[in-house]
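Coordinate inspection notes
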Amino acid sequence: DMTKTLRFGAHAYYHEGVVYLPKGFKVKSIRDKSIVLHELVHHWQYEQNIEVDCVRAKEKLAYETQRDYLIANKAKLMPELSEFNIVMRSICFFDE
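Given the structure is predicted, the values throughout are model-derived calculations rather than measurements. (Residues numbered from 1 in each chain as written. Predicted model: local features only at pLDDT ≥ 70, side-chain atom pairs only at ≥ 80, totals over all residues. Heavy atoms only, no water.)

Some points on the packing of helix H3 (residues 59–72) against helix H4 (residues 83–90)
As a reminder of what qualifies: For helices, the fitted line uses only the C-alpha atoms of the stretch in contact; every axis is such a line through C-alpha atoms, and the angle between N-to-C directions lies from 0 to 180 degrees. Strands are runs of DSSP state E lasting at least 2 residues, helices are runs of H or I lasting at least 4, and numbering of each runs from the N terminus. Should an angle fall under 35 degrees it is taken as roughly parallel, and over 145 as roughly antiparallel, whereas 65 to 115 is taken as roughly perpendicular and any remaining angle as oblique. Crossing chirality is assigned from the near helix's rotation relative to the far helix, an anticlockwise turn below a right angle marking it left-handed and a clockwise turn marking it right-handed. We call two residues in contact whenever any of their non-hydrogen atoms come within 4.5 Å of each other.
Two elements in contact, H3 and H4, have axes separated by 8 Å at closest approach and are oriented at 155°. Relative to H4, the element H3 lies roughly antiparallel. Relative to H4, H3 is oriented so that their crossing is right-handed. Seen from H3, the contacting residues are Glu 59, Lys 60, Tyr 63, Glu 64 and Arg 67; seen from H4, they are Glu 83, Ile 86, Arg 89 and Ser 90.

Quick look at the state of the cysteines
To keep things clear, this is the line we draw: Any cysteine sulfur atom paired with another within 2.5 Å is treated as part of a disulfide. Only protein chains enter the area calculation, which uses a 1.4 Å probe; residues under 20% of their type maximum are buried, those over 50% are exposed, and those in between are partly exposed.
Under the definition given, this model contains 1 disulfide. Two residues share a disulfide in this structure: Cys 54 and Cys 92, whose sulfurs sit 2.1 Å from each other. Every disulfide takes its handedness from the sign of the S-S torsion; for Cys 54 and Cys 92 that torsion is -90°, giving left-handed. Within this pair, whereas Cys 54 is found in the loop between helix H2 (30–47) and H3, its partner Cys 92 is found in the segment after H4, the two being separated by 38 residues in sequence. Taking relative accessible area as the criterion, Cys 54 reaches 8% and is therefore assigned buried. You can call Cys 92 partly exposed: its relative accessible area is 33%.

Re unusual backbone geometry
In this model, Asn 49 sits at a positive phi of 55°, which is unusual for a non-glycine residue. Relative to the helices and strands, Asn 49 is located in the loop between H2 and H3. Note on Asn 49: relative accessible area 61%, which makes it exposed. Although it is not a glycine, Lys 74 sits at a positive phi angle of roughly 55°.

Considerations on H3
Basically, it comes down to this: Helix span, expected: 1.5 Å multiplied by one less than the number of residues in the helix.
With 14 residues, H3 extends 20 Å from end C-alpha to end C-alpha; this agrees with the ideal 20 Å at 1.5 Å per step. Of the positions making up H3, those classed as buried are Ala 62, Tyr 63, Glu 64, Gln 66, Arg 67 and Leu 70. Contact partners of the buried residues in H3: H2 and H4.

Here's what the structure looks like:
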């Protein structure tokens, strides 16, 4: 259930060609645009059939693109965009 995912802290979610945004989400700021950009990176990965070792590995490019967009627009970085967090959010675990 995609709405459960959004309730548990995700800003948005991408699944097989569809970007899910929280109800009432409006693109008002650079940060909001960066969230949509993150999900569009996943859409590009899906459309290009990009293969990775695990699903989490797709997060690296999406977070790096989001971070670079925020930096280019002189916006404050969200904590989840630190280099450490990007690595931790995109690392493959044994059970995946």
